[in-house]
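# Coordinate inspection notes
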Amino acid sequence: METLILTANHAVSYGAWSSRVKFVAAYPITPQTTIVEMLSEFISSKKMDAEFMTVESEHSALAAVTGAESTGVRSFTATSSHGLLYMSEMVHWVARARLPIVMPVVNRALAPPWSIWVDHTDTMSHRDTGWIQIYVSNNQEAYDMVLQGYRLGEDRKVSMPVMICMDAFLLSHTFAPVKILTPEETDSFLPPYKPLWKLDPENPFSVGGITTAEHYYEFSEMMDQAHRNAGEIFDEISREYEKVSGLLQTGKIEKYRVEDAESVILALGTMAEETRVAVDRLRAEGEKVGLVKVKMFRPFPNKEIREALENKSLVVVMDRSVSYGHEGPLSIEVKSTLYPSENRPPVLNFIVGLGGRDVTFKDIVSFHKIAKKKVTEGKKVTEPIFVQLKV
Amino acid sequence: MSKVKSIKDIPLQEYLMPGHAACAGCAMALAVRHVLKILGRNTTVTVPACCLSVIQGIFPKTAVDVPLKNTAFASAAAMASGIKAGYRVQGKNVNVIAIAGDGGTYDIGIQALSGAVERNEDIIYLVYDNQAYMNTGIQRSGATPYGAWTTTTPKGKTEKRKDLGFIMIANGARYVATVTPSYLMDFYSKFQKAKERKGSRVVIDLSPCPPGWRYDPGFTIEIGKLAVQTGAWILWEFEDGVFQFTGFSKMIAEGKAKKKPVESYLKLQGRFKEIIKSKEKIEYYQELINENWEKYLKIAEIYKKK
Ligand SMILES: Cc1ncc(C[n+]2csc(CCOP(=O)(O)OP(=O)(O)O)c2C)c(N)n1
Ligand code: SF4
Ligand SMILES: [Mg+2]
């Protein structure tokens, strides 16, 4: 193990290097570019034994990666925002073909107006593609999740692609120490890729051919089952990674001071890290507050989240995107998860941080105060609160 | 496979099996059948949305006896590039071919194709050009010729078709050729060459389609021949920077044969009913063909063997 000072972008490049990725195809988009620039450097300097294809679009990037992966080769790409939207069709093709590609997506706002800053609308709009979605909240996690992503996705019980969602600039361009596994350590954790199926002239068959209602339904159910399996084995894989790396792993969610908390704040990505500070502040003021960092968004950790929130008196969900006309995606999931519970706490949804608006621990402390006030006053809040509006 | 020089040499091994669902008289099925005979067992095919994605058979059956990866409409060339790269990094030398329709090539797939050719990907790209979106029920494409009826050009197309061959030459493809299965030995000669070469190889196949072109299925071969004999389809190849006419088109170019009047090609096809109604329109059509020939004679001059 060695420690390097890396941005999260470079951390995932190292993740691909550690994972012995054999094929990369990518198309540049801010703030993803430095991921593939570094891989290009690794490959041209022979640090990495792989091929790099400089395609003419994201649609082709994911198509080419799909092609290589279909021959049984561990493959990688990365994108962001408009790039994800441009490759959207292929995003579904990959999952439905059960190809365990790992793809970091740097979360960036969508136009118009143009914005390069953090926002979760891009990956949220790809929630139902069949990709496993993991929101990382620091650079080390970004690296760890590439290795764990391949391990998880390639597991025969899963065979699903993995999207690593990481906040623009706050992670992508911010330096922090990252522990990198040695090749031996990696190999003891991540075995060579053994595909579920592969193109091979010695064993010819067609993939993705036209299918009637007689079989399509079953294919979709199998994808759902694969997600359920992924949910079941992810924590185990994380624990194994912890043993190999010596790095503490939390699994699907991370709970911070939740045990005795009366209210709990939930968030994805970097906002969750910021909330940790807010929780300490609120605790210092005598508020019994905890944090649930939701790392795995698909499959959704229903059981873990339900257990963490049941019987609490207040739940605050922060979302960095909104399903227009309804509420934030994390809030929607949290409410649906809590529905079977006997004791459902009130859930208040704050829409924050859109298009890169800063969300500091002080802001989070104030969101909590607003939420608590409303609940104490007996107000039933059913709509999301755009708490950071300036006008 | 030893060189096929006459019909008698064609390998008996089939890779497009009986039971595929192409219409009677489908020239695309012929092209697929023969190209797979040429490429043989050590081949992988990728197919974007088009008639071939349907006629290959319904899951769990397939009529194609080599690995076949179906893919998104716009992505054939990129998918083929990735498949080839995947094999390459494993040290496997497999013929990788994309087989796409004109819609998936001239229109929605041209970006991926242009990129793959510019990068000189080591792939063969076969476009079966039936000159419309047939799979979705005969809509116009960038390859639909002037005057042709489709469901979205009910009075006949008012624009000329794109010239993909010319685009591919300009794009830097290492090997570009036009074929039609009506001239099967020309087809074999070009694909055998394509198979042996490396780099980006694009073959444009005129692919008569009975339901789309509105003719009796028995005329497929005849129509392909007439297309060439009238000069509506020109057989040529572009190899290492040298352009050459081939087959009957070569005879036309060298003045050894005369182009038949285009009317004989048009009148067999219901899709040209608007054109053959009027003498002027037929004349205009003839002019378009002559113009195109002038252009190709110039191309041949520019890229002649030095
Ligand atoms: C992105 C996308 N848009 C539209 C379609 C619908 N579609 C399927 S096949 C096809 C036409 C294909 O035309 P062509 O490539 O000429 O092949 P042909 O049907 O003539 O064999 C269309 C429009 C699709 N599958 N994907
Ligand atoms: S519609 Fe035309 S191209 Fe399609 S299968 Fe039928 S004959 Fe062939
Ligand atoms: Mg067509």
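Within chain A, the regular secondary structure consists of 13 helices and 16 strands. Rg of the C-alpha trace for chain A: 21 Å, near the compact-globule value of 21 Å for 391 residues, within the 12% margin. With the C-alpha coordinates aligned to their principal axes, the bounding extent of chain A is approximately 70 × 50 × 45 Å. Going through the 391 residues of chain A one by one, you find that 60% of them count as buried. The long-range share in chain A, meaning contacts at least 24 apart out of those at least 6 apart in sequence, stands at 81%. Computing the positive centroid from 43 side-chain charges and the negative centroid from 51, chain A places the two 5 Å apart.

Contacts between the two partners involve 39 residues from chain A, matched on the other side by 42 residues from chain B. Around 3,000 Å² of area is buried between chain A and chain B when both sides are counted, 64% of it from carbon and sulfur atoms. Linking chain A with chain B are two salt bridges. Notably, a salt bridge pairs Glu 56 of chain A with Arg 119 of chain B, separated by 3.2 Å at the nearest N-O pair. Summed over the shared surface of chain A and chain B, the result is 12 residue pairs in polar contact (both at pLDDT 80 or more). Of all the secondary-structure elements, those providing two or more residues to the side of chain A that touches chain B are strand E3 (51–54), helix H3 (58–70), helix H5 (88–96) and strand E10 (206–207) of chain A. With eight residues, H3 of chain A is the largest single contributor of residues to the side of chain A that touches chain B. Of the residues contributing to the side of chain A that touches chain B, the split by class is 19 nonpolar, 14 polar and six charged.

Quick look at the domain arrangement of chain A now. By a widespread convention, an interface's size corresponds to the accessible area lost as its parts come together. Residues and elements named next belong to chain A. For chain A, the domain assignment lists domain 1 (2–245) and domain 2 (253–386). Contacts between the two partners involve 29 residues from domain 1, matched on the other side by 21 residues from domain 2. Together, the buried faces of domain 1 and domain 2 total about 2,000 Å²; carbon and sulfur atoms form 61% of this surface. Here domain 1 and domain 2 share three salt bridges between them. The partner of Glu 141 in a salt bridge is Lys 295, with the nearest N and O atoms 3.7 Å apart. The interface formed by domain 1 and domain 2 contains 11 residue pairs in polar contact (both at pLDDT 80 or more). Put simply, the parts of the chain that give the side of domain 1 that touches domain 2 at least two residues each are helix H6 (121–124), strand E7 (132–135), helix H7 (139–154) and helix H9 (216–245). With five residues, the single largest contributor to the side of domain 1 that touches domain 2 is H9. Looking at the side of domain 1 that touches domain 2 residue by residue, the classes come out as 15 nonpolar, eight polar and six charged.

Residues and elements named next belong to chain A. Pairing is mixed across the open sheet formed by five strands, whose spatial order is E11-E13-E12-E15-E16. Each end of this open sheet is capped by a strand with a single partner; those strands are strand E11 (253–256) and strand E16 (347–351). On average, each strand axis in the sheet is tilted by 20° relative to the strand beside it, whichever way the strands run. Lying over the sheet, helix H12 (residues 329–338) contacts strand E12 (263–267), strand E13 (289–294), strand E15 (314–319) and E16, oriented at roughly 150° with respect to E15.

To continue, consider the coordination of the magnesium ion (ligand 3). Residues and elements named next belong to chain B. Protein ligation of the magnesium ion (ligand 3) involves Asp 102 (OD), Asn 130 (OD1) and Ala 132 (O), the donor distances falling in the range 1.9 to 2.1 Å. All donors of the magnesium ion (ligand 3) come from a single chain, and their spacing in sequence reads D-x27-N-x1-A. On the criterion of sequence distance, the pair formed by Asp 102 in the loop between strand E3 (95–101) and helix H4 (103–107) and Ala 132 in the loop between strand E4 (124–129) and helix H6 (164–171) is long-range, its members being 30 residues apart.

Let us look at the site of ligand 1. Looking at ligand 1, there are 17 residues lining it, with Cys 51, Gly 103, Gly 104, Tyr 128 and Asn 135 of chain B nearest. Site remark: ligand 1 is flanked by residues from chains A and B. Taking Met 134 of chain B, its main chain carries an N or O atom lying 3.0 Å from an oxygen atom of ligand 1. Measuring from an oxygen atom of ligand 1, one finds a backbone N or O atom of Asn 135 of chain B at 2.7 Å. Across the shell around ligand 1, the residue classes tally to nine nonpolar, six polar and two charged.

Once that is clear, we can look at the packing of aromatic side chains. Evaluation of the coordinates by the stated rule reveals 23 aromatic pairs over all chains. Between Trp 117 of chain A and Phe 169 of chain A, the aromatic rings sit 4.9 Å apart at their centres with planes inclined by 50°, giving tilted as the arrangement. Here Trp 117 of chain A, found in the loop between strand E6 (102–107) and H6, pairs with Phe 169 of chain A, found in the loop between strand E8 (162–167) and strand E9 (176–180); they are 52 residues apart in sequence, far enough to count as distant. Looking at Trp 117 of chain A, the relative accessible area reads 44%, which means it is partly exposed. What links up through ring pairs into an aromatic cluster is the set Tyr 146, Tyr 265, Phe 272, Tyr 284 and Tyr 285 of chain B. We note Arg 276 of chain A situated over the ring of Tyr 256 of chain A; from NZ or CZ to the ring centre the distance is 5.3 Å. Its guanidinium or amino end placed over the ring of Phe 297 of chain A, Arg 298 of chain A lies 5.2 Å from that ring's centre, counting from NZ or CZ.

To continue, consider the pattern of salt bridges. Opposite charge on two side chains lets them pair, provided their charged atoms get close. Taken as a whole and judged by the stated rule, the model has 47 salt bridges over all chains. Arg 88 of chain B is the salt-bridge partner of Glu 51 of chain A, the closest N and O atoms lying 2.6 Å from each other. Residue Glu 51 of chain A is located in strand E3, and its partner Arg 88 of chain B is located in helix H3 (residues 76–89); the two belong to separate chains. We classify Glu 51 of chain A as partly exposed; its relative accessible area is 21%. In this structure Arg 88 of chain B comes out as partly exposed when scored by relative accessible area, which is 33%. Across the pair Lys 252 of chain A and Glu 304 of chain A runs a salt bridge, and its minimum N-O distance is 2.8 Å.

A few words now on the nonpolar core. Ranked by size, the top nonpolar core spans 169 residues in total, and within it Phe 76, Met 166, Leu 266, Leu 309 and Val 334 of chain A together with Tyr 265 of chain B carry the most contacts. Residue assignment places this core across two domains, with domain 1 (2–245) and domain 2 (253–386) of chain A each supplying three or more. With residues up to four places along the chain from it excluded, the contact list for Val 334 of chain A reads Leu 266, Phe 300, Leu 309, Val 315, Val 317 and Val 347 of chain A.

Residue and element names in this part refer to chain A. Each pocket or cavity is described by its volume, and for the largest pocket that value is around 960 Å³. What lines the largest pocket is a set of 33 residues, among which Arg 96, Val 207, Gly 208, Gly 209 and Phe 219 lie closest to the centre. Looking at the lining of the largest pocket element by element, the count peaks at four residues for H9. The class makeup of the residues in the lining of the largest pocket is 17 nonpolar, 12 polar and four charged.

All names here are of chain B. What surrounds ligand 2 is the set Cys 23, Cys 26, Cys 51, Ile 55, Asn 130, Met 134, Cys 209, Pro 210 and Pro 211. Put simply, the parts of the chain that give the shell around ligand 2 at least two residues each are helix H2 (51–55) and helix H8 (210–213). Looking at the shell around ligand 2 residue by residue, the classes come out as eight nonpolar, one polar and no charged.

Between its terminal C-alpha atoms helix H13 (residues 279–302) of chain B stretches 35 Å, which fits the 34 Å expected from 24 residues at 1.5 Å a residue. Lining the buried residues of H13 of chain B we find H6, strand E7 (236–239), strand E8 (242–245), helix H10 (247–253), helix H11 (263–266) and helix H12 (273–276) of chain B.

Rules of the game
- Residues numbered from 1 in each chain as written.
- Chains lettered and ligands numbered in written order.
- Predicted model: local features only at pLDDT ≥ 70, side-chain atom pairs only at ≥ 80, totals over all residues.
- Heavy atoms only, no water.
- Helix = DSSP H or I, 4+ residues; strand = E, 2+ residues; numbered from the N terminus.
- Rg over C-alpha atoms; globule rule 2.2 N^0.38 Å.
- Buried < 20%, exposed > 50% of the residue type's maximum accessible area, 1.4 Å probe, protein only.
- Contact = heavy atoms within 4.5 Å.
- Lys, Arg positive; Asp, Glu negative; His and termini not counted.
- Charge placed at Lys NZ, Arg CZ, Asp CG, Glu CD.
- Buried area = accessible area lost by both parts, 1.4 Å probe.
- Salt bridge = Lys/Arg side-chain N within 4 Å of Asp/Glu carboxyl O.
- Polar contact = N/O pair within 3.5 Å; in protein donor to acceptor, adjacent residues only side chain to side chain.
- Nonpolar A, V, L, I, M, F, W, Y, C, P; charged D, E, K, R; others polar.
- Domains from an automatic or database assignment.
- Pairing = 2+ DSSP bridges.
- Axes fitted to C-alpha atoms, helices over the stretch in contact; angles between N-to-C directions.
- Donors = N, O, S within 2.8 Å, 3.2 Å for Na, K, Ca; no water.
- Near = heavy atom within 4 Å.
- Phe/Tyr/Trp six-rings, centres within 6.5 Å; stacked < 30°, edge-to-face > 60°.
- Lys NZ or Arg CZ within 6 Å of the ring centre and 35° of its normal.
- Core = buried A, V, L, I, M, F, W, Y, C linked by side-chain atoms within 4.5 Å.
- 1 Å grid on protein atoms, 1.4 Å probe; cavity = no way out; pocket = protein on both sides within 12 Å on 5 of 7 lines; lining within 4 Å.
- Points joined across faces, edges and corners; volume = space filled by probe spheres on them.
- Expected span 1.5 Å × (residues − 1).

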